[in-house]
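Structural characterization, general
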Amino acid sequence: MTLFLALVIIAIVLGIIGATADGLLFLLVIGIVLLVADLIYITKRMRRSAHRRPVR
């Protein structure tokens, strides 16, 4: 979970820098791609852990 939160913070910071700094639009794109990849990662991880829970 720490990795997920760190990647989300990094994606937000890169997005803000890319949106505000002149000529650094590529940082915004990298931030968006990183955020989408992070959301896909956490979704797959949550689905995998949901299937492994034992039924009592």
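The paragraphs below set out a description of the structure included in this document. Every value quoted in this text rests on a predicted model; they were computed, and no experiment measured them. (Residues numbered from 1 in each chain as written. Predicted model: local features only at pLDDT ≥ 70, side-chain atom pairs only at ≥ 80, totals over all residues. Heavy atoms only, no water.)

Some details on the overall build of the protein
Along its length, the protein carries two helices and zero strands. Scored against the burial criterion, the 56 residues of the protein give a buried share of 18%. Surface summary for the protein: the accessible area is close to 4,700 Å², and the carbon and sulfur share equals 72%. (Helix = DSSP H or I, 4+ residues; strand = E, 2+ residues; numbered from the N terminus. Buried < 20%, exposed > 50% of the residue type's maximum accessible area, 1.4 Å probe, protein only. Areas by Shrake-Rupley, 256 points an atom, 1.4 Å probe, with all protein chains shown as cover.)

A closer look at the side chain of Asp38
Relative to the helices and strands, Asp38 resides in helix α2 (residues 25–51). Beyond its immediate stretch of four places on either side in the chain, Asp38 contacts Phe4, Leu7 and Val8. (Contact = heavy atoms within 4.5 Å.)

Let's talk about a nonpolar patch on the surface
Taken together, Ile9, Val13 and Ile17 make up a surface patch of nonpolar side chains, about 250 Å² in accessible area. Along the chain, the position of Val13 falls in helix α1 (residues 2–20). Overall, Val13 belongs to the partly exposed group, its relative accessible area being 41%. (Patch = residues over 30% accessible without salt bridge, like charges linked within 9 Å, V, L, I, M, F, W, Y side chains within 5 Å. Salt bridge = Lys/Arg side-chain N within 4 Å of Asp/Glu carboxyl O.)

A few points about α1
Compared with the 27 Å implied by 1.5 Å per residue over 19 residues, the 27 Å span of α1 between its first and last C-alpha is a close match. Among the residues of α1, those classed as buried are Phe4, Val8, Ala11, Leu14, Gly15 and Gly18. The arc that holds the buried residues of α1, viewed along the axis, is 135°, so those residues lie on one side. Facing away from the buried side of α1 by more than 90 degrees, the exposed set consists of Thr2, Ile9 and Thr20. (Expected span 1.5 Å × (residues − 1). Arc of directions from axis to C-beta.)

Interpretation in functional terms is not warranted from these geometric data alone.
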